[in-house]
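Here is how the chains run, residue by residue.
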Amino acid sequence: MLINPQAAFPIDALGGRGDRLPPFQAAISMRELFGQYQLLLTILIFVPFEQIFAARPQKILRRGLLTDMAFLFLNGWLVLVGVTAVLAVATLINQSIMPSAVKPAIGDIPYVVQVLIAILIGDLGVYWTHRVLHAVPAMWHIHAVHHAIEDLDWLAAVHQHPLDLTFMKAGSLFPLVAFGFSTEAVGAYLAIYYWQSWLTHANVRVSYGPLRHVLVSPEFHHWHHSSELEARDKNFAGLFSFYDVLFGSIHLPKGRKPKTFGVDHPMPSGYPALLAYPFKVWASKQKRDDPSAPRRSEVA
């Protein structure tokens, strides 16, 4: 999902300290994080970046580009519906169920520290929701849409089913809103995460050296998309690779890079067909209990 340049400055983008939006409203304003300026800025950064530091030879006007542009411009409004419902529940929990001592305790944490905690909690949520998407067959049919892309580059970050995006956002944003993290902290987390998404999918040869087991790099995430057997169901974190180290799911062989991406079973190529894909698989399995339907274990 795209963010506009203002989102890099969360206090201004999501409400000043004198006029702060509630965390729920701030998160819902993600629909404003799309925009022509953000797209232009992203293109100006990542297209030359990929040409100069390319990990693999790949055309700018690659196959599937138009489909990814459809994801880019159309997904946000579909995701907004699901995220609105999820964060409405989180706000309700914050206001009526969360112990009264929690909110002032969170509010008293200095801004910089609160942002760091929000990033750690948010990425832990990303790790486990991402892992569930791989581990549960019914969920995998949603997430397979993202893994279907075979020409990995920065724009692959938006090649996700709306249900996939909604579930991932629920895992990361729900606890932040429920605990009452500030608008500014939520905004900072969103800005960092979405720029990170562009970077980790980008076709660039970037490794973090001794920090490769601490921070998620393009090298780390490219292995997650690899169709090679040894890399399957690995590297789930979005920002901190030490979560994969901690939970035993890291795959980051030194001196090697993945060669192929995608899934092992046929996938549709157009945007409408990809939106319909998980529903067709679910319907097929329910109708015939078809054991040949694609399973999580068949892909990267």
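Residues numbered from 1 in each chain as written. Predicted model: local features only at pLDDT ≥ 70, side-chain atom pairs only at ≥ 80, totals over all residues. Heavy atoms only, no water.

Draft legend 1. The arrangement of the packing of helix α6 (residues 111-135) against helix α8 (residues 162-179) in detail. Remark: α6 packs on α8, axes separated minimally by 8 Å, with the N-to-C direction vectors making an angle of 145°. Our pair here, α6 against α8, has a crossing hand that is right-handed. Packed against α6, whose contacting residues are Ala118, Ile121, Gly122, Gly125, Val126, Thr129, His130, Val132 and Leu133, the element α8 presents Asp164, Phe167, Met168, Gly171, Ser172, Pro175 and Leu176 at the interface. Classifying every residue of the contact of α6 with α8 gives nine nonpolar, six polar and one charged. (Axes fitted to C-alpha atoms, helices over the stretch in contact; angles between N-to-C directions. Helix = DSSP H or I, 4+ residues; strand = E, 2+ residues; numbered from the N terminus. Left-handed = near helix turned anticlockwise from the far one by under 90°. Contact = heavy atoms within 4.5 Å. Nonpolar A, V, L, I, M, F, W, Y, C, P; charged D, E, K, R; others polar.)

Draft legend 2. Region of the structure containing the pattern of salt bridges. Evaluated as defined, the whole model comprises eight salt bridges. Note that glutamate 150 and arginine 63 form a salt bridge whose closest N and O atoms lie 3.0 Å from each other. You can see glutamate 150 sitting in the loop between α7 (137-147) and α8 and its partner arginine 63 sitting in the loop between α3 (36-52) and α4 (65-96), a full 87 residues away along the chain. The class of arginine 63 is exposed, set by a relative accessible area of 56%. Between arginine 256 and glutamate 230 there is a salt bridge; the shortest N-O distance is 2.6 Å. Pair noted here: arginine 256 is in the loop between α11 (242-246) and α12 (271-288) and glutamate 230 is in the loop between α10 (218-225) and α11, with a separation of 26 residues, a long-range link. What makes glutamate 230 partly exposed here is its relative accessible area of 37%. Residues participating in the shared-partner salt-bridge network are Arg62, Asp68 and Asp153. (Salt bridge = Lys/Arg side-chain N within 4 Å of Asp/Glu carboxyl O. Buried < 20%, exposed > 50% of the residue type's maximum accessible area, 1.4 Å probe, protein only.)

Draft legend 3. The confidence of the model for the chain, seen in detail. In the predicted model, the chain carries a mean pLDDT of 85, and 84% of its residues have values of at least 70. Taking the mean pLDDT of every element in the chain, the minimum, 34, falls on helix α1 (residues 10-14) and the maximum, 98, on α11. Here residues 1-21 is a poorly scored stretch, pLDDT under 50, and it has 56 contacts once near neighbours within four places are set aside; other chains count. Overall, residues 26-34 carries pLDDT values under 50, and its contacts beyond four positions in sequence, including any with other chains, amount to 27 contacts. (pLDDT = per-residue confidence, 0-100.)

Draft legend 4. Broad picture of the nonpolar core. Counting 40 residues, the largest nonpolar core has Leu173, Leu176, Tyr189 and Tyr193 as the members making the most contacts within it. For this core, the secondary structure elements donating two or more residues are α4, α6, α7, α8, α9 (183-201) and α10. Beyond its immediate stretch of four places on either side in the chain, tyrosine 193 contacts Val126, Met168, Gly238 and Leu239. Counting 25 residues, the second-largest nonpolar core is a separate cluster that includes Ala70, Leu155, Trp198 and Tyr271. (Core = buried A, V, L, I, M, F, W, Y, C linked by side-chain atoms within 4.5 Å.)

Draft legend 5. Inspection of the packing of aromatic side chains at higher detail. Using the criterion set out here, one finds 15 aromatic pairs in the structure. Taking 5.0 Å as the distance between ring centres and 85° as the angle between the ring planes, the aromatic pair formed by tyrosine 127 and tryptophan 128 counts as edge-to-face. Tyrosine 127 sits in the buried class, given a relative accessible area of 0%. On the accessibility criterion, tryptophan 128 (38% relative accessible area) is partly exposed. (Phe/Tyr/Trp six-rings, centres within 6.5 Å; stacked < 30°, edge-to-face > 60°.)

Draft legend 6. Region of interest: the environment of threonine 91. Structurally, the position occupied by threonine 91 is in helix α4. Put simply, threonine 91 and phenylalanine 174 are 83 residues apart on the chain and 8.6 Å apart in space, counted from C-alpha to C-alpha. Among the polar contacts made by the side chain of threonine 91, one reaches the main-chain carbonyl oxygen of leucine 87 at a distance of 2.8 Å. (Polar contact = N/O pair within 3.5 Å; in protein donor to acceptor, adjacent residues only side chain to side chain.)

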